[in-house]
Amino acid sequence: MQLDYEQRIKELEKANRILQKKLDRSESLRIALEETNEKKEALFLKVIDELRESQRILEEQSRDLEETLKKLRAMQSKLVESEKMSALGVLVAGIAHEINNPVNFIYGNINYVTQYASEILELLKCYQETYPNPSLHIADKIKKIDLDFIKKDFVQVLNSMEIGSQRISEIVRSLRTFSRLDEAAVKKVDIHEGIDSTLMILQNRLKPRLNYPEITVIKEYGNLPRVACYAGKLNQVLINIISNAIDALEQKIDDTQQSHYQTAELDTPQTSNFAPTIKITTELINNWISIKVSDNGIGIDEKTIQQIFNPFFTTKPVGKGTGLGLSISYQIIVETHQGQLECKSIPGIGTEFIIMIPEQQL
Ligand SMILES: Nc1ncnc2c1ncn2[C@@H]1O[C@H](COP(=O)(O)OP(=O)(O)OP(=O)(O)O)[C@@H](O)[C@H]1O
Ligand SMILES: [Mg+2]
């Protein structure tokens, strides 16, 4: 009986050992499994981190690319515009130069012609007084040519010729001021001369034309010193900003006419009391030159105003605007002249551009 028990205990102990061993093995298996899981998880997290990092790098690179593309576009537009402007400048300066000489012949000689004419008329008077009864042949001729009329008109013709040639001389001078080809570097200039020459260039858009009344230009020029600047480039800015103002006024006239057609009876005469006006004000404020150009045109809404200085931004129909004028002007004022260019506008009421440049260029 005793033996049986011992035998049984031994068997049980053996079974226990086997079980214990199995338990140990499965425990180590469990630990090994847990370890691999942890490793896998760590690996997984690492992969996610790396993916995130490469995504960030990619985003950064595409931002860089976008930035480079923007810069390239701006550079391209700058090149196109300055090429256009310098070609225009060469053409304008060439024409002005060619016209200058012949006009000077006329303008310079008109004084002599006037003087000779009055002397000849004087002599004629003398003859008529000395010989009050001319021969039949001469009396006939006097009647035929209407001498009294010629005597009166001669002086008037000469006067209008003088005014005309004086005007051509002024235009030629404006064209030369405007092109300022010889002034690629900083030079002290009269800003008002630049504004006047720009207005002269744009004269045909300011005059009354079919469907458009005359645009009134109000000049409020302050007392400005001669300003050191890139004159040709500054004129380019003025022509861009004033042309935009004219566009905005024409647009307003078009819009009012259109709404008039839509609302009015067809045979009602059109009455509009809109007086298109551009005002140019200059002043010197603490060593800064300020040039303000305002118009009472269509104005610009808040969303649009944030984009107007972007290259290629335009609200004008295809073929009318390239969207370059203001971005080029911004570069010229802010980068080339270390100045400021701002725009304020109230839709439907008008727009004001403020150019500020330091009196002295460093
Ligand atoms: N005085 C203004 N009144 C109303 N809108 C204006 C005025 N000046 C500029 N803008 C707006 O700013 C936009 C950009 O002007 P910008 O001069 O750069 O280009 P554009 O006149 O359209 O074309 P372009 O290259 O021929 O000058 C215009 O399309 C217009 O919408
Ligand atoms: Mg423009």
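Here the structure is a predicted model, which is why all the values come from computation and not from measurement. (Residues numbered from 1 in each chain as written. Chains lettered and ligands numbered in written order. Predicted model: local features only at pLDDT ≥ 70, side-chain atom pairs only at ≥ 80, totals over all residues.)

**Comments concerning the overall build of the protein**
When helices and strands are tallied, the protein shows eight helices and seven strands. Computed over the C-alpha atoms, the radius of gyration of the protein is 43 Å, more than 25% above the 21 Å expected from 2.2 N^0.38 for a compact globule of 362 residues. For the C-alpha atoms alone, the extent of the protein along its principal axes is close to 190 × 60 × 40 Å. Buried positions account for 19% of the 362 residues belonging to the protein. Counted over contacts in the protein with a minimum sequence separation of 6, partners at least 24 positions apart contribute 75%. (Helix = DSSP H or I, 4+ residues; strand = E, 2+ residues; numbered from the N terminus. Rg over C-alpha atoms; globule rule 2.2 N^0.38 Å. Buried ≥ 20, exposed ≤ 12 C-beta atoms within 10 Å, placed from the backbone. Contact = placed C-beta atoms within 7 Å.)

**What to know about the site of ligand 1**
The immediate surroundings of ligand 1 are formed by 22 residues, with Ala248, Thr314, Gly321, Gly325 and Leu326 found nearest. Every element with two or more residues in the shell around ligand 1 is listed here: helix 6 (231-263) and helix 8 (325-336). With four residues, the top contributor of residues to the shell around ligand 1 is helix 6. Each residue belonging to the shell around ligand 1 can be placed in one class, and the counts come to eight nonpolar, twelve polar and two charged. (Near = placed C-beta within 6 Å. Nonpolar A, V, L, I, M, F, W, Y, C, P; charged D, E, K, R; others polar.)

**Considerations on the pairing of strand 2 (residues 216-220)**
Of all five residues in strand 2, zero are buried, a share of ten percent or less. Here five bridges tie strand 2 to strand 4 (residues 277-285), and the two strands are oriented parallel to one another. Each residue of the ladder has a partner; that of lysine 219, found in strand 4, is isoleucine 280. (Pairing = 2+ DSSP bridges.)

**Focus: the sheet that holds strand 6 (residues 340-346)**
Sheet architecture is open: five strands sit in the order 2-4-5-7-6, paired in mixed fashion. Since the sheet does not close on itself, it has two edges, and those belong to strand 2 and strand 6, each with one partner. Going from strand to strand, the sheet's axes swing by 15° on average, the running direction of each strand aside. In the packing of helix 4 (residues 191-201) onto the sheet, the strands contacted are strand 2, strand 4 and strand 5 (288-295), and the crossing angle to strand 4 comes to about 165°. Helix 8 contacts strand 6 and strand 7 (350-358) of the sheet and is inclined by roughly 130° relative to strand 6. (Axes fitted to C-alpha atoms, helices over the stretch in contact; angles between N-to-C directions.)

**So, helix 1 (residues 2-130)**
End to end, helix 1 covers 187 Å across 129 residues, agreeing with the expected 192 Å (1.5 Å per residue, within 8%). Bending of helix 1 peaks at approximately 35° at the position of isoleucine 110. Among the 129 residues in helix 1, two count as buried, and that is only a small part of the element. (Expected span 1.5 Å × (residues − 1). Bend = angle between axes of the 7 residues up to and from the residue.)

**So, the confidence of the model for the protein**
Detailed reading of the predicted model is not advised wherever pLDDT is low. With 94% of its residues at a pLDDT of 70 or more, the protein has an overall mean of 88. Per-element confidence in the protein is highest for strand 2, whose mean pLDDT is 98, and lowest for helix 3 (residues 147-179), whose mean pLDDT is 85. Here residues 266-271 is modelled with pLDDT under 50, and outside its nearest four sequence neighbours on either side it reaches one contact, counting other chains as well. (pLDDT = per-residue confidence, 0-100.)

**A few points about the pairing of strand 5**
Because side chains alternate across strand 5, one face comprises the buried residues Ile289, Ile291, Val293 and Asp295, and the other comprises Trp288, Ser290, Lys292 and Ser294, none of which is buried. Examined bridge by bridge, strand 4 and strand 5 share eight bridges and lie antiparallel to one another. Counterpart to leucine 284 in the pairing with strand 5 is isoleucine 289. Connecting strand 4 to the next strand, strand 5, in antiparallel fashion are two residues, including asparagine 286 with a positive phi near 45°. Bridge count between strand 5 and strand 7: eight bridges; the pairing is antiparallel. Counterpart to isoleucine 291 in the pairing with strand 7 is isoleucine 355.

**Focus on the packing of helix 1 against helix 3**
At a closest axis distance of 8 Å, the pairing of helix 1 and helix 3 adopts a crossing angle of 155°. As the angle between them shows, helix 1 and helix 3 are arranged roughly antiparallel. Crossing of helix 1 against helix 3: the hand is left-handed. Of the residues belonging to the contact of helix 1 with helix 3, the class tally is 19 nonpolar, seven polar and three charged. (Parallel < 35°, antiparallel > 145°, perpendicular 65-115°, else oblique. Left-handed = near helix turned anticlockwise from the far one by under 90°.)

**So, unusual backbone geometry**
Glycine aside, negative phi is the norm for most residues, and most peptide bonds take the trans geometry. A positive phi angle is found at asparagine 286, which is not glycine, with a value near 45°. Here asparagine 286 is to be found in the loop between strand 4 and strand 5. We note that phenylalanine 312 has phi near 70°; this positive angle belongs to a residue other than glycine. On the secondary structure map, phenylalanine 312 appears in the loop between helix 7 (302-305) and helix 8.

**So, the environment of alanine 93**
Position of alanine 93 relative to the elements: it lies in helix 1. Here alanine 93 falls in the partly exposed class, since 17 other C-beta atoms lie within 10 Å of it. For alanine 93 and leucine 326, which are 233 residues apart along the polypeptide, the C-alpha to C-alpha distance reads 24 Å.

**Side note on the packing of helix 1 against helix 8**
Viewed as axis vectors pointing N to C, helix 1 and helix 8 meet at an angle of 90°, and their least axial separation amounts to 10 Å. One finds that helix 1 runs roughly perpendicular with respect to helix 8. Residues Ala74, Ser77, Lys78 and Glu81 of helix 1 pack against Ser327, Ile328 and Gln331 of helix 8. The residue makeup of the contact of helix 1 with helix 8, split by class, is two nonpolar, three polar and two charged.

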